[in-house]
Amino acid sequence: MKNYIGAPLLSALKEAFPAAEYDSEAAQPAVYIPAAELTALLIFLRDDARFGFARLENLTSADYKTYFEMVYHLFAWGPNVWITVKVKLDHDAPVVPSVTGVFPGAEFEEREVYDLMGIEFSGHPDLRRILLAEDFTGHPLRKDYKQAAPPRVPRLRREGGRVYAAD
Amino acid sequence: MPQTETYILNMGPQHPSTHGVLRVNLELDGEKILRATPMMGYLHRGIEKLLESRTYIQGVPYTDRLDYVSSMNNNFGYCRAVEELAGIEVPARAEYIRVIMAELNRIASHQVFIGSLANDLGASTGMLYTFRDREEILDLFDLVCGARMTFHYIRVGGVARNLPPEFAEKCRKFLDRVPEFTEEYANLLMGNEIFQRRLKGVSRLTPEQALAHNMTGPNIRATGIPFDLRKVDGYSVYPQFAFEVPVGENGDNWDRFRVRFREITESARIVRQALEGLPEGPVMAKFPKMLKPPKGEVFSRTEGTRGELGFYIVSDGTAKPYRVHIRRPSFINMQALDDMCRGYLIGDSVVAFSAIDPLMGEVDC
């Protein structure tokens, strides 16, 4: 990310959304926002003339063992400026509002996060697993995910035309 | 009044037009498509999870297997992300070699597109012509890295080894052939009435629809939006080369074909300029063998052959990445499939998959 959003615009954002938090010391601070205000913030960033973040380039999540983090990378084409928006989620029941109403192109990426990380998106039009089978249990990208042992197939022993179980 | 019902037809996963293993659930009214739902995951290998248990440098060959017809571009994207995270400065010669490889691979990938599009339309001969010419690029890659697929040539910090002395001459010889074979494709395909009528005005997308689906690459450029990261971000040494970004007008399949067709010539222009200006010097940066980037995260993107290829990497200061997410362009472009099929006939759905040019290794990751 070459050009990150500058400090004056970040403080303007803070004025409009007092609940938003960022580390003013960092070079490229991510903006943390409570889940309830996420869609309002994204609409503001997209539609306000000072910001103009009309492209959601990337949507993903990370598991930090005690909490989940949703990560949204937004890009303003023209001024070529970036901003990262993050939402911290409870590890036991992670739910976040879907941003498909603001950026319809986020549909598959949210389904992917739901599938692999197990985060629920409220208001998503078609929330189903996308890569794994429908009857799969668990979410592989979580840090506490344990791969199930492969099914045990008994080995066979042939002796004198008869077949025995080897062990 | 007789009551009619809609009919569900599964295209794939073992249909030759699905370019791998994609299943598309088509809801039909007679032969008209009411809804197309892509069902993917048949090639899911969990590369994001695998990368978490490998070191940064061991991760490079896994990216070869994402979009396996343009592996160089994937290596390039991943290595740029790791370098940005670890603060590695790449030598100028290595940057030039990377651009040469990425653009040659773009030509090869677009040749696969043209060939398979022709094949899906029933013109099997088209595939033979494009694959014949793609061989020459694969021979060049064979010369520099010894592999014809899954190259693992672009490495973190530079490239694996210097170019062999005969490379420049052989590459120029290939570039001289580019106008010849593009003209041949044009004569073979573009004047054909069946080819035109299957593509023109079919699966049309407006620029607004393309933006709403977050499409990137040739698919968005076909609608007239010049979104090319080589120009927008100007990463690596691309700003030093003169090239144009071909765009379409109508956003139909014909424009998707035309944009990629013209990109072959533009990529060849870039390769020629890079060969001219190729500086001398080392091809690998100096950095510790056990690479431990500082704590932090990065989102870095490049223009892959199919669109914006982004890598989001979180480092916790150890030798292995804490989290890797890959923004795969084919995966996100697939969202437009429904809009591209709705209202058209079953036969047009085959052309629609082909025109998006998805690669299932990348979609399923």
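Keep in mind that what you see is a predicted model, and the values were worked out from it rather than measured.

**Quick notes on the interface of chain A and chain B**
One frequent convention defines the size of an interface as the accessible area lost when the parts assemble.
Turning to step 1, where the next piece is worked out: On the side of chain B, 40 residues touch chain A, which itself brings 38 residues to the contact.
Turning to step 2, where the next piece is worked out: If you sort the residues of chain A by the area they bury against chain B, Trp77, Phe108 and Leu131 of chain A come out on top, with a joint share of 20%.
Turning to step 3, where the next piece is worked out: Where chain A touches chain B, the interface holds 4 salt bridges.
Turning to step 4, where the next piece is worked out: Here Lys143 of chain A and Glu52 of chain B are joined by a salt bridge, their closest N and O atoms 3.1 Å apart.

**Here we look at the sheet that holds strand E1 (residues 31–32) of chain A**
Residue and element names in this part refer to chain A.
Turning to step 1, where the next piece is worked out: Here 4 strands make up an open sheet; going across it, the order is E1-E4-E3-E2 and the pairing mixed. Strands at the two margins of the open sheet, each flanked by one partner only, are E1 and strand E2 (55–63).
Turning to step 2, where the next piece is worked out: Relative to strand E4 (residues 81–90), E1 runs parallel, the two being bridged by 2 bridges. When the bridges of E4 are listed, Val31 appears paired with Val85.
Turning to step 3, where the next piece is worked out: Across the sheet, helix H2 (residues 38–47) touches strand E3 (67–76) and E4, and the angle it forms with E4 is around 175°.

**A short note on the packing of aromatic side chains**
Residues and elements named next belong to chain B.
Turning to step 1, where the next piece is worked out: Counted under the stated rule, the structure contains 21 aromatic pairs over all chains.
Turning to step 2, where the next piece is worked out: Here the aromatic rings of Trp254 and Phe257 are separated by 6.0 Å at their centres, their planes lie at 40°, and the arrangement is tilted. Here Phe257 and Trp254 lie together in helix H11 (residues 253–276), a separation of 3 residues that amounts to about one turn.
Turning to step 3, where the next piece is worked out: Here the guanidinium or amino end of Arg134 rests over the ring plane of Phe131, the centre of that ring lying 5.3 Å away.
Turning to step 4, where the next piece is worked out: The side chain of Lys231 reaches across the aromatic face of Phe243, ending 4.2 Å from its centre.

**Side note on the nonpolar core**
Turning to step 1, where the next piece is worked out: Core analysis: the biggest nonpolar cluster contains 158 residues, and Tyr72 of chain A together with Tyr153 of chain B have the highest contact counts within it.
Turning to step 2, where the next piece is worked out: Element by element, the count of residues in this core is highest for helix H4 (residues 92–120) of chain B, at 13 residues.
Turning to step 3, where the next piece is worked out: Contacts of Tyr72 of chain A, omitting those with residues within four sequence positions, involve Leu38, Leu56, Asn58, Leu59, Ile83, Thr84, Val85, Val87, Val96 and Val99 of chain A.

**Some remarks on the confidence of the model for chain A**
Turning to step 1, where the next piece is worked out: Residue-level pLDDT values for chain A average 89, and 99% of them are 70 or greater.
Turning to step 2, where the next piece is worked out: Ranking the elements of chain A by mean pLDDT puts strand E8 (residues 162–165) of chain A last, at 81, and strand E5 (residues 95–97) of chain A first, at 94.

**Thoughts on the packing of helix H6 (residues 167–190) of chain B against H11 of chain B**
All names here are of chain B.
Turning to step 1, where the next piece is worked out: Running from amino to carboxyl end, H6 crosses H11 at an angle of 160°, the nearest separation of the two axes being 10 Å. Taken as axis vectors, H6 and H11 run roughly antiparallel relative to one another. Handedness of the H6/H11 crossing: left-handed.
Turning to step 2, where the next piece is worked out: A class-by-class count of the residues in the contact of H6 with H11 yields 17 nonpolar, 2 polar and 5 charged.

**Overview of the side chain of Glu362 of chain B**
All names here are of chain B.
Turning to step 1, where the next piece is worked out: Mapped onto the elements, Glu362 comes out in helix H15 (residues 360–364).
Turning to step 2, where the next piece is worked out: Lacking a salt bridge, the buried Glu362 has Arg306 as its closest oppositely charged neighbour, with an N-O distance of 5.1 Å.
Turning to step 3, where the next piece is worked out: In contact with Glu362, not counting residues within four places along its chain, are Leu66, Asp67, Asn74, Arg306, Leu309, Arg328, Pro329 and Ser330.

**A closer look at H11 of chain B**
Turning to step 1, where the next piece is worked out: Taking 1.5 Å per residue, 24 residues should reach 34 Å; H11 of chain B reaches 35 Å between its end C-alpha atoms and fits that length.
Turning to step 2, where the next piece is worked out: Of all the 24 residues making up H11 of chain B, 17 are buried; the element is thus mostly covered by neighbouring parts of the structure.

**With respect to the pairing of strand E2 (residues 23–29) of chain B**
Turning to step 1, where the next piece is worked out: Most of E2 of chain B sits inside the fold, with 5 of its 7 residues counted as buried.
Turning to step 2, where the next piece is worked out: In textbook terms, the turn of a hairpin is the stretch between consecutive antiparallel strands, and for E2 of chain B and strand E3 (residues 32–39) of chain B this stretch comprises 2 residues, one of which, Gly30 of chain B, has a positive phi near 65°.

**Topic: the packing of helix H3 (residues 71–86) of chain B against H4 of chain B**
To describe two helices that pack against each other, one gives the angle between their axes and the distance between the axes.
Residues and elements named next belong to chain B.
Turning to step 1, where the next piece is worked out: Where H3 meets H4, the closest approach of the two axes is 8 Å, and the angle between their N-to-C directions is 145°. Facing Ser71, Met72, Asn73, Phe76, Cys79, Arg80 and Glu83 of H3, the residues of H4 in contact are Glu95, Arg98, Met101, Ala102, Asn105 and Arg106.
Turning to step 2, where the next piece is worked out: Classifying every residue of the contact of H3 with H4 by side-chain character gives 5 nonpolar, 3 polar and 5 charged.

**Looking at the pattern of salt bridges**
When the charged atoms of two side chains with opposite charge come close together, those side chains can pair.
Turning to step 1, where the next piece is worked out: Scanning all chains against the criterion turns up 43 salt bridges over all chains.
Turning to step 2, where the next piece is worked out: The shortest N-O distance in the salt bridge between Arg301 of chain B and Glu57 of chain A comes to 3.0 Å. Of this pair, Arg301 of chain B sits in strand E6 (residues 296–303) while Glu57 of chain A sits in strand E2, which puts the two residues in different chains. Both residues of the pair, Arg301 of chain B and Glu57 of chain A, count as buried.
Turning to step 3, where the next piece is worked out: Note that Asp357 of chain B and Arg260 of chain B form a salt bridge whose closest N and O atoms lie 3.8 Å from each other. Highlighted residues: Asp357 of chain B in the loop between helix H14 (346–356) and H15 and Arg260 of chain B in helix H11, separated in sequence by 97 residues.
Turning to step 4, where the next piece is worked out: Salt bridges here are not isolated pairs; linked through shared partners, they connect Glu103, Arg106, Arg221, Asp228, Arg230, Glu263 and Glu303 of chain B.

Definitions and limits used
- Counting restarts for each chain, with residues numbered from 1 along the sequence as it is written.
- Starting at A for chains and at 1 for ligands, labels are handed out in the order in which the entities are written.
- Where local features are concerned, this predicted model is filtered to residues with pLDDT of at least 70; where side-chain atom pairs are given and counted, the filter is 80 or more; whole-chain, interface and lining totals use all residues.
- Hydrogens and water are ignored here; the side-chain numbers use all heavy atoms of the structure.
- Whether two residues are in contact is decided by their heavy atoms, any of which lying within 4.5 Å being enough.
- Take the accessible area each of two parts loses on contact, using a 1.4 Å probe, and add the two losses: that sum is the buried area.
- Basic side-chain nitrogens of Lys or Arg form a salt bridge, by our definition, when they fall within 4 Å of a carboxyl oxygen of Asp or Glu.
- At least two bridges found by DSSP between two strands is the condition for calling them paired.
- Counting from the N terminus, the helices are DSSP H or I runs at least four residues long and the strands are E runs at least two residues long.
- To get an axis, a line is fitted to the C-alpha atoms, and for a helix only the part in contact is used. The angle between two axes follows their N-to-C directions and goes from 0 to 180 degrees.
- Pairing of aromatic rings covers Phe, Tyr and Trp, the last counted by its six-membered ring, and requires centre-to-centre distances within 6.5 Å; plane angles under 30 degrees mean stacked, over 60 mean edge-to-face, and any other angle means tilted.
- A ring is scored as having a charge over it whenever the NZ atom of a lysine or the CZ atom of an arginine sits within 6 Å of its centre and within 35 degrees of its normal.
- We call a set of buried Ala, Val, Leu, Ile, Met, Phe, Trp, Tyr and Cys residues a nonpolar core when their side-chain atoms join them within 4.5 Å.
- Relative accessibility thresholds used throughout: buried, under 20% of the residue-type maximum; exposed, over 50%; partly exposed, between the two (1.4 Å probe, protein chains only).
- Scored between 0 and 100, pLDDT is the confidence that the predictor attaches to each residue.
- Comment on the angle field: the value is read as roughly parallel under 35 degrees, roughly antiparallel over 145, roughly perpendicular from 65 to 115, and oblique elsewhere.
- Here a crossing is taken to be left-handed if its near helix is turned anticlockwise relative to the far helix by less than a right angle, and right-handed if that turn runs clockwise.
- Under this grouping Gly is polar, as are all residues other than the nonpolar Ala, Val, Leu, Ile, Met, Phe, Trp, Tyr, Cys and Pro and the charged Asp, Glu, Lys and Arg.
- Lys and Arg are tallied as positive, Asp and Glu as negative. Neither His nor the chain termini are counted.
- By this rule the span expected of a helix is its residue count minus one, scaled by 1.5 Å.

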